[in-house]
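Structure at a glance
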Number of protein chains: 2
Amino acid sequence: MLTRVLEYSRAVRQCHLDALFDLLRIPSISTLPAHEQDMEKAADWLLAYLRAMGLKRVQELPTEGFPVLYAEWLGAGPQAPTLLVYGHYDVQPVDPLDEWHTPPFDPTIVGSNLYCRGASDDKGQLFAVLAAIESWLSVSSRLPVNLKVLLEGEEEVLAPHLARVVWRDRELLATDAVLICDEAILDPQTPLIITGVRGNLYLELEVSGPAHDLHSGTFGGAVDNPFNVLVRLLAQIQDATTRRILIPGFYDSVLSLDDAERERLLQIPLTDEMACQVAGVPALAGEEGYTTLERAGVRPTFEIHGMPGGFTDPGHKTVIPARAAAKLSMRLVPDQDPQEITGLFEQYVRSFLPPTVQLTIHRLGSALPAVVDVKAPAVRAMAHAFELGFGAAPYYFRGGGSLPIVRHLQDALAAPVVLIGFGLPDDNSHAPNERLHLPNWHRGIETLVHYLAILGGQE
Amino acid sequence: MLTRVLEYSRAVRQCHLDALFDLLRIPSISTLPAHEQDMEKAADWLLAYLRAMGLKRVQELPTEGFPVLYAEWLGAGPQAPTLLVYGHYDVQPVDPLDEWHTPPFDPTIVGSNLYCRGASDDKGQLFAVLAAIESWLSVSSRLPVNLKVLLEGEEEVLAPHLARVVWRDRELLATDAVLICDEAILDPQTPLIITGVRGNLYLELEVSGPAHDLHSGTFGGAVDNPFNVLVRLLAQIQDATTRRILIPGFYDSVLSLDDAERERLLQIPLTDEMACQVAGVPALAGEEGYTTLERAGVRPTFEIHGMPGGFTDPGHKTVIPARAAAKLSMRLVPDQDPQEITGLFEQYVRSFLPPTVQLTIHRLGSALPAVVDVKAPAVRAMAHAFELGFGAAPYYFRGGGSLPIVRHLQDALAAPVVLIGFGLPDDNSHAPNERLHLPNWHRGIETLVHYLAILGGQE
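Scoring rules and cut-offs
Residues numbered from 1 in each chain as written. Chains lettered and ligands numbered in written order. Predicted model: local features only at pLDDT ≥ 70, side-chain atom pairs only at ≥ 80, totals over all residues. Helix = DSSP H or I, 4+ residues; strand = E, 2+ residues; numbered from the N terminus. Rg over C-alpha atoms; globule rule 2.2 N^0.38 Å. Buried ≥ 20, exposed ≤ 12 C-beta atoms within 10 Å, placed from the backbone. Contact = placed C-beta atoms within 7 Å. Core = buried A, V, L, I, M, F, W, Y, C linked by C-beta atoms within 7 Å. Least-squares fit on C-alpha atoms with pLDDT ≥ 70 in both. Nonpolar A, V, L, I, M, F, W, Y, C, P; charged D, E, K, R; others polar. Pairing = 2+ DSSP bridges. Domains from an automatic or database assignment. pLDDT = per-residue confidence, 0-100. Axes fitted to C-alpha atoms, helices over the stretch in contact; angles between N-to-C directions. Expected span 1.5 Å × (residues − 1). Arc of directions from axis to C-beta.

Let us now look at the overall build of chain A. Secondary structure summary: chain A contains 13 helices and 18 strands in total. Computed over the C-alpha atoms, the radius of gyration of chain A is 23 Å, within 12% of the 23 Å expected from 2.2 N^0.38 for a compact globule of 459 residues. Looking at chain A as a whole, 57% of its 459 residues qualify as buried. Relative to all contacts within chain A whose residues are 6 or more apart in sequence, the contacts with residues 24 or more apart total 78%.

The structure is reproduced here in structure tokens:
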């Protein structure tokens, strides 16, 4: 049966791709209010597709946010394990638009790559999972495992509502393992299993000075300029030389790497030269005393994403702006707690605040970090599936990104989370010209066909 | 005759105001390319008005920038002095638009104030001069002095072309004194004569890091974020405590205040409490060891106006931007030279630059500082005119803003520049809700009617 399912999945590739194109064309940008209707449209499209695949109890689970979708197929019997599949249908914004070579929501194949916002993160990868399931159901009218599907539309906005759904509906979602396919592998020959995700804390600092914008000729030199104050505050956060974050207590809860995990990280065949090339930087930089993989996955960070306020058009305007802001985030690692870090951050930043301005800290979102038990059977089964699908054993990698739901799924369902993906490091996810490497996608679908068989004891 | 001219100027106030409204309605924003046609429209409107006033040789002087307008009336005879009047018809941008209480180019009178972009800076003030001239010409068909008018449309973009015109056409423009009416007085009862302007140096710093935007999860911690680098560079420029600019050599050419001028500044009845209220700040701040008036007029500054780049929309996007920029300016004072300061600035900033990024410094404009000789007869005549028009002797004030042309007019024409105005410190020039205090404007017109008489020996 497995052979026939694999053959089928190859035969209908174009069909699966056409369906993915339909989903990609919906600009479901969850962070921009202008795209609210597109979020509904993407959810409706997926509900219809899940029904067409032959899944049961296809429905929206009650939530105050964008639709949470559920579907199941429980025909494998009580002896077979249950797998819960998670994915997200929302995507990142597309600015700066002028850097895209093709329209961001017009899926375009160039060579081996499919270009589109969401091609890799996560519509394309989510669709690899659906394609594997669809292949099993089409060929054999059944699956080797009991299956549950949980799809959300708020992953890119740090999932403010899904955790409540997972905890509330934990009986409905009860499972032996969770599969999340939203990550990258190292290169087309080198699969990875992700052994952890970083948390995140996204803040906006707003410094208010004058009651209104002032002329920098009339008042310049006699009042504090909110931007001048803000850059001084921000410059206090990270050491210019060691790149250490200087907030007292910031590292207190950070777990040290154990020797086994450090060893696994060292085995990953990723050189700094390769990292430079993928990132497009002349030289890497990061916290003193750590390797690149440790800096990007195991250690916390501080990043400024943009600084709204004042005059930013072409030309020059000599204004002392009434307000200056900074959008920033800190990736957190076990056992840092976003709430506690917010407090430490605020206390530290306020200690540098002059009496000439007011500081407001807006908390825009947060996510908990998580680590994955590499010895869980569902993780071992995935290692085996990768060997069959990619012809190579996976490396074990600590992911630098955040998947807020991982920790909640682990805790609420008491199940291991298998965290994988078929993206590539240069997929430009969250950037212009996001793309999906199609040969990877095909191998990914076959890996997942194998995975269902292995997990169900049918291989 | 003077009495009749004054009476006439009062009788036709509405008529002058109607004409000013027409000029104000033209959105002549010189720094925004979208308003190029409006610049031509404002110039054409003024050419027609100068002709209708009865001025001669009304024309555009050749220039590569927005039109430079010239007009003259030389009928006072060779014994009478010549006065060159300067003004500008361009205005600042209007963002943030949502902070305006009335449409920025729809002149609206509320109580004693006229609200409109350009109401004070400089269309309203320029029009006070034209109204005084028009009053003399209408009543007596002549002026007490020989008059030349020079109007430009690039004052708000640091006048890149006018200096060349002034030096080239210095014979045409030859004069005994220059009058510029583009400043503020302290309050409606307290006129000022401005004894200097600061120079300016407007730069844009651009830090480039990754070749393209990166996901802060995947790469965060392992590459330098251009914004993180930029805020550290900017924080090096000004001391957080003393507010001194830390660029080596920056203050080397700054002239100390002489005792007479310090004394004149101390006489100005402006308290820090008043300055706080006008600026709308909880507390003033500035360079250690100087008074507020010295900080705002006699000392150089460093101001950040805006920081383009990255993600600045509502919501959150976790991007490491490929580029981060800062628009900034330094007000300069005699004898600082913008060219020399640019070199010192660049050398200093580059000394902090890590090898992970590239820095480009765009020079967006510069202006020379100038001081005015308070003993010149044309300045003394203005003090007398203020006593008659406002019923109060003026104070002598060092202006903090930049009027690039002052120094060129002084040097090219070898003539003293009389620098005054009828604006107020809270006119919101360069900010939303710019306004003109109409009682001031009326007194200003009468002051200028007197000034022409005094200068021509007819009072």
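Attention now goes to the nonpolar core. One finds A:Val178 and B:Val178 to be the most contacted residues of the largest nonpolar core, which totals 250 residues. With sequence-adjacent residues up to four places away left out, B:Val178 is seen in contact with B:Leu84, B:Tyr86, B:Leu409, B:Leu413, B:Ala415, B:Val417 and B:Val418.

Let's shift gears to the relation of the copies chain A and chain B. What relates the two chain copies is a rotation about an axis together with a slide along it. With an RMSD of 0.1 Å, the fit of chain A onto chain B corresponds to turning through 180 degrees and sliding 0.0 Å along the axis. Taken together, the rotation and translation relating the two chain copies correspond to the operation of a two-fold axis. Closest to the rotation axis within chain A is the C-alpha of A:Val231, separated from it by 2.5 Å. With an isologous cut-off of 70% or more, the 100% of interface residues of chain A that recur at the interface of chain B puts this contact in the isologous class.

With 81 residues of chain A in contact, the opposing surface of chain B contributes 81 residues. Every element with two or more residues in the side of chain A that touches chain B is listed here: strand S10 (214-215), helix H6 (226-235), helix H8 (272-279), helix H9 (292-297), strand S11 (303-310), strand S12 (319-320), strand S13 (323-332) and strand S14 (358-367) of chain A. The element best represented in the side of chain A that touches chain B is S11(A), accounting for eight residues. Taken together, the residues of the side of chain A that touches chain B sort by class into 35 nonpolar, 34 polar and twelve charged. Strand direction decides the pairing type here: S11(A) and strand S11 (residues 303-310) of chain B, joined by three bridges, are antiparallel. Looking at S11(B), one finds that A:Gly306 is bridged to B:Gly310.

This paragraph deals with the domain arrangement of chain A. All names here are of chain A. By domain assignment, chain A separates into domain 1 (2-197 + 369-455) and domain 2 (199-254 + 300-367). For domain 1 and domain 2, the distance between their C-alpha centres works out to 35 Å. Each partner contributes to the interface: domain 1 provides eight residues, whereas domain 2 provides eleven residues. For the side of domain 1 that touches domain 2, the class distribution of residues is six nonpolar, two polar and no charged.

Here the focus is the confidence of the model for chain A. Close inspection of predicted coordinates is inappropriate in any region flagged by low pLDDT. In this model, chain A carries an average pLDDT of 96, and 100% of its residues clear a pLDDT of 70 or more. For this predicted complex, the interface score ipTM comes out at 0.83, while the overall pTM is 0.83.

A few words on unusual backbone geometry. Residues and elements named next belong to chain A. Between Asp 95 and Pro 96 the backbone carries a cis peptide bond, its omega angle lying at 0 degrees. Within the secondary structure, Pro 96 is located in the loop between strand S3 (82-88) and strand S4 (108-110). Even without being a glycine, Arg 243 presents a positive backbone phi close to 60 degrees. Residue position: Arg 243 is located in the loop between H6 and helix H7 (259-267). Judged by local crowding, Arg 243 falls into the buried class, with 21 C-beta atoms found within 10 Å. One non-glycine residue, His 430, lies in positive phi territory at about 70 degrees. With respect to the element layout, His 430 can be found in the loop between strand S17 (417-420) and strand S18 (435-437).

Here we take up the sheet that holds strand S5 (residues 113-115) of chain A. Residues and elements named next belong to chain A. Within the open sheet, the three strands sit side by side as S4-S5-S18. Their pairing is antiparallel. The two strands at the open ends of the sheet, each matched to only one other strand, are S4 and S18. If you compare each strand with its neighbour and ignore which way they point, the axes differ by 25 degrees on average. Note: S4 against S5, three bridges, orientation antiparallel. Within S5, the position partnered with Thr 108 by the bridge is Tyr 115. Contacting S5 and S18, helix H13 (residues 438-455) runs over the sheet at an angle of about 60 degrees to S18.

Residue and element names in this part refer to chain A. Mapped onto the elements, Val 85 comes out in strand S3. Taking the number of C-beta atoms within 10 Å as the measure of exposure, Val 85 has 23 and is therefore buried. The contact partners of Val 85, leaving out residues within four places of it in the chain, are Val 129, Leu 147, Lys 148, Val 149 and Leu 179.

Turning our eyes to something else, we now look at the sheet that holds strand S18 (residues 435-437) of chain B. All names here are of chain B. Here three strands make up an open sheet; going across it, the order is S4-S5-S18 and the pairing antiparallel. Here the strands that pair on one side only, and so sit at the sheet edges, are strand S4 (108-110) and S18. Adjacent strand axes in the sheet meet at a mean angle of 25 degrees when their direction is disregarded. With three bridges joining them, strand S5 (residues 113-115) and S18 adopt antiparallel strand pairing. The residue of S18 that forms the bridge with Asn 113 is His 437.

Here the focus is helix H2 (residues 13-24) of chain A. Taking 1.5 Å of rise per residue, twelve residues should cover 16 Å, and H2(A) covers 16 Å from first to last C-alpha, within 8% of that figure. Buried residues along H2(A) sit against helix H3 (36-53) and helix H4 (123-140) of chain A.

Remark: a regular strand shows side chains that alternate across the two faces of the sheet. All names here are of chain A. Burial runs high along S3: six of the seven residues are buried. Across seven bridges, the pairing between S3 and strand S6 (residues 146-152) is parallel. The residue bridging His 88 from the neighbouring strand is Glu 152, located in S6. Here S3 runs beside strand S7 (residues 177-181); their pairing, made up of four bridges, is parallel. Bridge pairing in S7 places Tyr 86 opposite Ile 180.

Residue and element names in this part refer to chain A. Helix length check: helix H10 (residues 338-350) (13 residues) gives 18 Å between terminal C-alpha atoms against 18 Å at 1.5 Å per residue, within 8%. Considered for burial, the residues of H10 that qualify are Pro 338, Ile 341 and Phe 345. Along the axis of H10, the buried positions cluster into a sector of 60 degrees, meaning they face one direction only. The outward face of H10, more than 90 degrees from its buried face, is lined by the exposed residues Gln 339, Gly 343, Gln 347 and Arg 350. Buried residues along H10 sit in contact with strand S9 (199-208), S13 and S14.

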